[in-house]
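Here's the letter readout for the chains.
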Amino acid sequence: MTSKVAPMREAVADLVRDGDTVAIEGFTHLICFAAGHEIIRQRKRDLTLARMTPDVVYDQMVGAGVARKLIFSWLGNPGVGSLHAVRRRIEDRDPAPLEIEEYSHFGMVCRYVAGASNLPFFPIRSYYESDIPEVNPKIVPMTSPYDDGSEVYVVPPLKPDVTIVHAQRADREGNAQIWGLLGCQKEAAFAADRVIVVVEELVDGDVIRRDPNRTVIPGIVVDAVVEEPFACHPSFAQGYYDRDNAFYLAWDAIARDPATLEAWLREWVHGLDSHADYVEKWGAEHWASLRPGPALSGEVDYGSYA
Amino acid sequence: MTSKVAPMREAVADLVRDGDTVAIEGFTHLICFAAGHEIIRQRKRDLTLARMTPDVVYDQMVGAGVARKLIFSWLGNPGVGSLHAVRRRIEDRDPAPLEIEEYSHFGMVCRYVAGASNLPFFPIRSYYESDIPEVNPKIVPMTSPYDDGSEVYVVPPLKPDVTIVHAQRADREGNAQIWGLLGCQKEAAFAADRVIVVVEELVDGDVIRRDPNRTVIPGIVVDAVVEEPFACHPSFAQGYYDRDNAFYLAWDAIARDPATLEAWLREWVHGLDSHADYVEKWGAEHWASLRPGPALSGEVDYGSYA
Amino acid sequence: MSVPSSDDGGGTRYSKNELMIAASARLLAGVENCFVGVGLPNIVCNLAQRTVAPELQLVYESGVFGARPRRLPLSIGDPTLATGSTAVTSMFELFAFYLQAGLIDVAFLGGAQIDRFGNLNTTVIGDYAQPKVRLPGSGGACEIAIHARKILVIMRQAERSFVEKLHFRTSPGHSGDPAHDRDRGWSGSGPTNVVTDLATYAFDEETGEMTLRTMHPGVGLEDVRANMAWEPRVAPDLAETPRPTADELRLLREELDPGRIYTK
Amino acid sequence: MSVPSSDDGGGTRYSKNELMIAASARLLAGVENCFVGVGLPNIVCNLAQRTVAPELQLVYESGVFGARPRRLPLSIGDPTLATGSTAVTSMFELFAFYLQAGLIDVAFLGGAQIDRFGNLNTTVIGDYAQPKVRLPGSGGACEIAIHARKILVIMRQAERSFVEKLHFRTSPGHSGDPAHDRDRGWSGSGPTNVVTDLATYAFDEETGEMTLRTMHPGVGLEDVRANMAWEPRVAPDLAETPRPTADELRLLREELDPGRIYTK
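Draft legend 1. Representation of empty space enclosed by the protein within the structure. One pass over the full model with this rule turns up four cavities of 30 Å³ or more. Around the largest cavity, the lining comprises 28 residues; the ones closest to its centre are Leu182 and Asn213 of chain A together with Leu182, Lys186 and Asn213 of chain B. Of the residues forming the lining of the largest cavity, the biggest block, three residues, is contributed by helix H7 (residues 185-191) of chain A. The residue makeup of the lining of the largest cavity, split by class, is nine nonpolar, eleven polar and eight charged. Space inside the second largest cavity adds up to approximately 90 Å³. For the second largest cavity, the full set of lining residues is Val113 and Glu187 of chain A, Val113 and Glu187 of chain B, Ser90, Phe92, Glu93 and Phe97 of chain C together with Ser90, Phe92, Glu93 and Phe97 of chain D. Within the residue set of the lining of the second largest cavity, elements represented by two or more residues are helix H4 (91-99) of chain C together with helix H4 (91-99) of chain D. Taken together, the residues that form the lining of the second largest cavity break down as six nonpolar, two polar and four charged.

Spelled out as C-alpha cells, the structure:
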C-alpha cells in the first residue's frame, strides 16, 4: 500500500480548492487549527466552511477572508463568548456579507451521517415548533408511513469536498485512531470527497492493528496523512496536550478589532512558514505547561487465533 | 449506584416474560447461548425471537418450543448449513407452524438503529428489484423530498421487550465493554425495553473508567448484569475462547432428528441446573483447548487533567 | 455572571450566584442523570451530586456519560470530562441513542430571551436576515428542549430577556395549550423551572405559563415585575427562596469552585 | 464442494475447486478491496492477494476491514479476522459507511438459483409461504448486490440452479434492459462474472445477459448446456479456462489450504 504521508503545505495545496466546501471537524477536541492556518496562508478563496461549532479557527479563517459561507449549528467561542470576525460579517456585512445555513447540533450530525451513508435524507425528531426550519428551507417535515403517522423532520446529506480531521495517531495509509471525544469526525470523513488526516504521531501499521476497535477513520477514505504535532493548539489532543484556555480568552480581544486581528494573522500565520515555526514561536515552555499527567487505558487481549 | 448483578436464573425469571419479543444478539461473536439455555430451562413460551442470524442458539430454542415467531435476516448454521429444527417448523409445520418476518442484514441493523433512536422509520438503499418487500409489507418505499427525488425503502423500528447481549466485561452497574466484532449489540440494547448483559468477567468500575471509549453499552440501559464465564459456547468471546466449530458441525446431526434434539436438550439443558454445570460437564480440558494465545492491544494515554 | 454579594441577615454572606446554584441544585433531588452545560449548570450538578442527588450521572453533549471531572471544566468538551468517565461515544450516538431516545432526565438551558411559556431564543436579536446581535444559535438546545424529560432554565432576569415575544424561537417550550402539549408525543415535558438572580418560577400545569414561586431574600414583587415584560402569574404560596446552607456554601467554596470563578 | 480431481494433460493434477479458485482469483487483478464470504471466496481472495492483487484489503460484513487472518476462517465472524485487522466497526457502520456509500470494489455472491441476468435466489425453493426448502435468506446479499461495484458469482452449475425463472428474487442482478440498469443510480454495476465448476461467464454489455466466455479443460458445450435451463449466449472468442499455474497450486496447497478443506 502506497504511503499517503505528505507535508501540510502539499496536502492543502493539492486537496483544498477555491470554492470548495471544507469541514474541519472536531468538537472542542482535536480541532486542526494548523490546517486552517495553512488554508489562510495559501489564500484560498470562496470556501464554504462547514462545522458544528465554528470555533476560533473559523473566526480566524473568516477574518482572513477565505470563506463566503458558513454551515453550522453553534456559533461561538466556547466558554468565552462571540466570534467577532464572523459577527461583523453577519451583522454589519463588514467587510462583506457572509452567507449562513444553520441547523441544530443533531441536525448537523445527521447531515454528515446521511452524507457518509449515501442516504438522500435523514430523519430526526427535532425542530418541532422551532423557527429554525422557517429560516432554513432544507429542513423539511415528513410523515412516517407507518400506522403511528409520526411527524419528523428530515435533513439533506452534507458531503464536503474536503474534510480535515485531526487524530492522535495514524499509520502511513491513513488508518487513524482517536480516543477521548469523538465528535462527528468519522461521519464527516466518510461523507467527504477528499480527506486529510493530521496526526500527533505517525505510527507503524502494527500499532493500529494491535487495537483495531480503536480505529475511527480507515485509510480507504483518506487522501493525505500529515504528521504535525500540536496542530490542534489552542484546541487539545487528549493525552497529548491541554486546551489553551488563555488563548481562547485572548482571541476575544484580538478579534474584536479588525486591525488587531489582521496583525495577529500577519504575525502568527502569514509571517510563519509552517506550523513547525508556530510551535517554535510559542516555545517549549508553553507546550510543557499544557502537558497533562498520565492516565493509561490498560490493555485488552484480542487473542491470537492461528 | 446500586448493583445490578444477578444470577442468570433470576435475571431471566425476572426480565423475560412469556410472549415477549427477545433479541439475543451477537454476530457470530458473543452469542449468549447460556441465556438461551436458561430460557429453555424455564420453559418460557410464545416468544418472538429477533436476531440477524438465528444461529444454533435459536435452533435450540425453537426446537425446545419457546418461540412462536422469528424476525431475522439470515437463517443458518454459519459455515455448516441449515437450522433443522427451524426448517421443520417452516417447511413442515412440524410440530407447529413458525411465523417469520424477514429482512436483509442492513434492514435488521437499521430496525435496531431506529428502535434505539426513537425514530418512527429508517431509510435504506436496499430491496430495489428484490422480492423481499413483497413478502414483508413492513418494508415500504419512500421518495426523498429533495430535488434528486431518490427512492429508498424504509424499515420500522424494532424495540425488543428484552435484549440479551454478552460482553467481555462490565462493572456492577452494567457498563459493558466489548472488543472484536461488535455486531449490532449496542443498537439492540439501546432499542430494548429491558436489557440483560452477561459477561465473562465482572470488573471494578475503575477498569471501565480507564478506557471509556471501549464502553459499548452503558449501565443506564441495563437491568441486570450476569457473570457467566464461557456463556457464549459454542460461540466465542474474543481473547477468552475460540469458537467451538466441532459443536457447530455436531449440531447439524443432532438437530436433524427431533428425538436426538430432544435428548440433547434433556442432557445439556433441562438435565443441568445452570451454566456452571454445563461448563463442568464439558470439562476443563475442553475449555483449555479453546483458549487462544495472547494478542495484547497496547495502551493509550487519556491524560490526567486535574 | 457578576452579581453583588448579599447578606442573609443572619450573618452568613453569600453571593447571588451561590443562591442560584443552591436553589437549582435542590431541583435535582433524586435525579439520575443530567445533561450538563458549562458554567453555572456544571456547578449546580456537582453540588447536587454531593447533596440531594448522590447517584446523579453527568452527561455532556460532547459525548461523555458519567463524567468525573477532576477540575472545573471550562467547556463542555474539556479533556477532564473524558478521562475517567464511564463512556465516551460519538455525538451521533449521544444525540440519537441517549437524548432522542428519551434517556436524559434533566437538562439545563438558557438563552438571550425567554417568553412566558418557556420558549427560548439563542439565535438572533433583531431580524434574522440582518440581526442586531447574532447569537450562537441552537447547538443542541432545540432537540434538548424536546427530548430531555425536564428542562431547568437558569438566566439573569431583565425586561429585555424576559420578553412578551421572542425575536426567534430556537427551542420550543410550552405552547400555552396544555392539551396540545400532551398530544405532541415528545419525551420531554418542557421547562419545569426557571431560576433567575431574582426569583424562581415553575410552570402552571393548567396553562403552561411561568409562575412565580419564590423570591430571593431582599427581592420584592416590584423588582420581579420590573425585570420582565409581562405581568407574572404568582403562586398562591409565594415564598422566599431558601438561603444556601452552610454545608452548601462550604462545598461550593472549598471543593467545587475554590477559585470563585462561578460563585463570586 | 466435492468435485473429482482432473488432469491438465500435461501431468499436473488439480481439482475442479482449484481451477475455479484460480480462475476467480484472476478476476480480482488490481482490485483494492473485496467483501469476502466464507469458503471458496475466502481462498480466492487470499490467492489474489499473493498473485494479481497485492494491495487487496479483505472486508467482512461482520465489521472487519483489512483482515489478516492467521488461519482459514471457518465463518465470516471468525475471531482470527478481528485480531490484527486494520479496523473493526459496528455492522451499522460497515453497511452504511462502507457498503452503501459505494466504497466496496468487489463482492462475491452465490445462491441456490441464478437466472440469465444474474438475479439470485437464496430464500426459498418452492412457494414462499410453504416452501419446499427454506434457504438462509438474504443476509447482506440484497444490499451487496446493489452497492458493491462488481459482483462475482461462484456457483456449481446444474439445471436446477441455473434456472429460467427464480422461485424468489433475493438479490437483484441485471434487468435485461441496460438503459434501465444505467438509470437505477446504484453504485454497483451488478454481476460481472460467474465462475462454475464447468465454465466461466461474463455479462453482455448490450443485454445484461450471461455469456459463456471459457469452458474448463475437458468440458464441452453440451455439458454446459445440459447444466442450465436456458440456451446460453456464447462469446465469439469462446476459449478454454486457463489451468491453475504451478505457482497458484503451490500457494493453495502449501500456504492457503494445507488441510485441503476447500481445494480438494
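Draft legend 2. Here's a closer look at the pairing of strand E12 (residues 150-154) of chain D. All names here are of chain D. Among the five residues in E12, four count as buried, and that is most of the element. In the sheet, strand E7 (residues 106-109) pairs with E12 via four bridges, with the strands oriented parallel. When the bridges of E12 are listed, valine 106 appears paired with lysine 150. In this sheet, strand E13 (residues 191-195) lies alongside E12 in parallel orientation, the contact comprising four bridges. What sits directly across from isoleucine 154, in E13, is valine 195. On the question of chirality, the crossover connecting E12 to the parallel E13 by way of helix H6 (residues 178-183) is right-handed.

Draft legend 3. The arrangement of the packing of aromatic side chains in detail. The final tally for this structure, using the stated rule, is 49 aromatic pairs over all chains. With centroids separated by 5.2 Å and ring planes inclined at 80°, the aromatic side chains of tryptophan 251 of chain A and tryptophan 264 of chain A adopt a geometry described as edge-to-face. Of this pair, tryptophan 251 of chain A sits in helix H9 (residues 245-256) while tryptophan 264 of chain A is found in helix H10 (residues 258-270), placing the two residues 13 residues apart along the sequence. Like tryptophan 251 of chain A, the residue tryptophan 264 of chain A is buried in the burial classification. Plain terms: the ring middles of phenylalanine 162 of chain D and tryptophan 230 of chain D are 6.2 Å apart, the flat faces sit at 20° to each other, and that makes the pair stacked. Of this pair, phenylalanine 162 of chain D sits in the loop between E12 and H6 while tryptophan 230 of chain D sits in the loop between helix H7 (221-226) and strand E16 (233-240), and the two are 68 residues apart along the sequence. Just as phenylalanine 162 of chain D is buried, tryptophan 230 of chain D falls in that class too. One cation-aromatic arrangement involves lysine 281 of chain B over tryptophan 268 of chain B; the distance from NZ or CZ to the ring centre is 4.7 Å.

Draft legend 4. Spotlight on the pattern of salt bridges. One pass over the structure, following the stated rule, counts 67 salt bridges over all chains. Arginine 214 of chain A is the salt-bridge partner of aspartate 211 of chain A, the closest N and O atoms lying 3.4 Å from each other. Assigned by exposure class, aspartate 211 of chain A and arginine 214 of chain A land together as buried. Of the charged contacts, one joins aspartate 78 of chain D and arginine 71 of chain D as a salt bridge, the two residues approaching to 2.9 Å between their closest N and O atoms. A single salt-bridge network, built from bridges that share partners, covers Arg68, Lys69, Glu99, Glu101, Arg111 and Lys138 of chain A.

Draft legend 5. Expanded view of the sheet that holds strand E5 (residues 122-124) of chain A. All names here are of chain A. One open sheet holds the three strands; their spatial order is E5-E7-E6, and the pairing between them is antiparallel. In this open sheet, the two strands that pair with only one neighbour each are E5 and strand E6 (140-143). For this sheet, the mean inter-axis angle between neighbouring strands, taken without regard to orientation, is 45°. Pairing of E6 with strand E7 (residues 151-155), which is carried by four bridges, proceeds in the antiparallel orientation.

Draft legend 6. The arrangement of the interface of chain D and chain A in detail. In this complex, chain D contributes 25 residues to the contact, which on the side of chain A involves 26 residues. Across the chain D/chain A interface, buried area totals approximately 2300 Å², and carbon plus sulfur atoms make up 54% of it. Connecting chain D to chain A are one salt bridge. The residue glutamate 93 of chain D makes a salt bridge to lysine 186 of chain A at a minimum N-O spacing of 2.4 Å. Taken together, the connections running from chain D to chain A amount to twelve residue pairs in polar contact (both at pLDDT 80 or more). Looking at the side of chain D that touches chain A, the elements that each hand over two or more residues are helix H3 (79-82), strand E6 (87-88) and H4 of chain D. Looking at the side of chain D that touches chain A element by element, the count peaks at four residues for H4 of chain D. Classifying every residue of the side of chain D that touches chain A gives ten nonpolar, ten polar and five charged.

Quick notes on the rules
- Residues numbered from 1 in each chain as written.
- Chains lettered and ligands numbered in written order.
- Predicted model: local features only at pLDDT ≥ 70, side-chain atom pairs only at ≥ 80, totals over all residues.
- Heavy atoms only, no water.
- 1 Å grid on protein atoms, 1.4 Å probe; cavity = no way out; pocket = protein on both sides within 12 Å on 5 of 7 lines; lining within 4 Å.
- Points joined across faces, edges and corners; volume = space filled by probe spheres on them.
- Helix = DSSP H or I, 4+ residues; strand = E, 2+ residues; numbered from the N terminus.
- Nonpolar A, V, L, I, M, F, W, Y, C, P; charged D, E, K, R; others polar.
- Buried < 20%, exposed > 50% of the residue type's maximum accessible area, 1.4 Å probe, protein only.
- Pairing = 2+ DSSP bridges.
- Right-handed = clockwise from strand over helix to strand, strands pointing away.
- Phe/Tyr/Trp six-rings, centres within 6.5 Å; stacked < 30°, edge-to-face > 60°.
- Lys NZ or Arg CZ within 6 Å of the ring centre and 35° of its normal.
- Salt bridge = Lys/Arg side-chain N within 4 Å of Asp/Glu carboxyl O.
- Axes fitted to C-alpha atoms, helices over the stretch in contact; angles between N-to-C directions.
- Contact = heavy atoms within 4.5 Å.
- Buried area = accessible area lost by both parts, 1.4 Å probe.
- Polar contact = N/O pair within 3.5 Å; in protein donor to acceptor, adjacent residues only side chain to side chain.

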